[in-house]
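Close look at the chain arrangement
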Amino acid sequence: MMAEKLSLSCKSLRIGSYEFSPKFKIGITGGKVRLMVPSVKDQTKLVTLDIETTDIIRVLANLGDKPLIFLLLKADACKNIREALKMKKKKHYFLDVKSRKECQKRICLVPNFISPENAQVLRSTFDNLLQEIDLDMAQQIYELSEPKLELSNGNDSSPEKPETTVSLNGVKPLPKMEKNENYLEPKLDALAIRNQMEDQLNKNELQKLIYKKEIKKFNFAIAEIVKKYLSRYYKPRKMDPKIYKITSRAEYSNLAKLFSHKFREEIS
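Report on the accompanying structure. (Residues numbered from 1 in each chain as written. Predicted model: local features only at pLDDT ≥ 70, side-chain atom pairs only at ≥ 80, totals over all residues. Heavy atoms only, no water.)

**Describing the pairing of strand β7 (residues 56-62)**
- Taken across its 7 residues, β7 has 5 buried, putting it largely inside the fold.
- Across 6 bridges, β7 lies against strand β8 (residues 68-73) in antiparallel orientation. What sits directly across from Val59, in β8, is Leu71.
- The hairpin turn running from β7 into β8, its antiparallel successor, is 5 residues long.
- Pairing of β7 with strand β10 (residues 130-132), which is carried by 3 bridges, proceeds in the parallel orientation. Looking at the pairing, Ala61 lines up with Glu132 of β10. (Buried < 20%, exposed > 50% of the residue type's maximum accessible area, 1.4 Å probe, protein only. Helix = DSSP H or I, 4+ residues; strand = E, 2+ residues; numbered from the N terminus. Pairing = 2+ DSSP bridges.)

This is the structure we're talking about:
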């Protein structure tokens, strides 16, 4: 049996914090995802990335009218991609599943369109790795993954130039005053604290989002169980109301809330 092939045209592609509009389609075939990505060091040079399903931890995807696909890769796969794309600085473009920054943890695909047939190919390709999510959650993950540009003082890529001392008429210049460095220290400390706080918030944001979704599912399941058993005693029929214990909708609603709260307390 021949492997199913799929080509997706994408509006946008994020490799960690490296975002661009791809000129070539994303190829998915034979348990492999192929990306054509401009090198970070030289944008004119294209690098072919082949991602095996064995390199993937999980795929989160919304395959509806506004599709979004997120690939979470193993640490070794992230390292191989960094080396291929010349990603060398964490403060700039970077991909690392273990990063504290949400924008560096995953690959984000924004397809123009996914047909029902294409969606089925994705399901069969990724199989148990795929977790389908609703549009609201997909958009929130996409916003969390938005690359954040960090500005640095000066050019990090240029090597530091050693200071040279030039004497004029035999008079040695005075050394530079150190007050500027002391003046910058409080600012640098404040910046470090702010970055640390942002990192912690980014780290917990996705977990909070998933937790909220799970809580909503849990509460809904409890409500359905309570209604299933409570409805036996409440049916607003005019023929013989005496056989039912609950006679009004308000009483039914209050009892449902009471039993739901008690149910949650008992199993928590």
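**What to know about the environment of Tyr142**
- Among the secondary structure elements, Tyr142 is positioned in helix α3 (residues 135-144).
- In this structure, the C-alpha to C-alpha distance between Tyr142 and Leu109, residues 33 residues apart in sequence, is 9.6 Å.
- Excluding residues that lie within four positions of it along the chain, Tyr142 makes contacts with Ser12, Arg14, Glu19, Leu68, Phe70, Cys108 and Val110. (Contact = heavy atoms within 4.5 Å.)

**Some words on the environment of Ile225**
- Along the chain, Ile225 falls in helix α4 (residues 179-230).
- Once the C-alpha coordinates of Ile225 and Phe263 are considered, the two residues, 38 residues apart in sequence, prove to be 9.8 Å apart.

**Focus on the sheet that holds β7**
- Strands sit in the order β3-β2-β9-β8-β7-β10 across an open sheet of 6 strands; the sheet is mixed. A strand with exactly one partner marks an edge of an open sheet, and here the two such strands are β3 (18-20) and β10. With strand direction ignored, the average angle separating the axes of adjacent strands in the sheet is 15°. (Axes fitted to C-alpha atoms, helices over the stretch in contact; angles between N-to-C directions.)

Interpretation note: all reported values are geometric properties and have no functional meaning in isolation.
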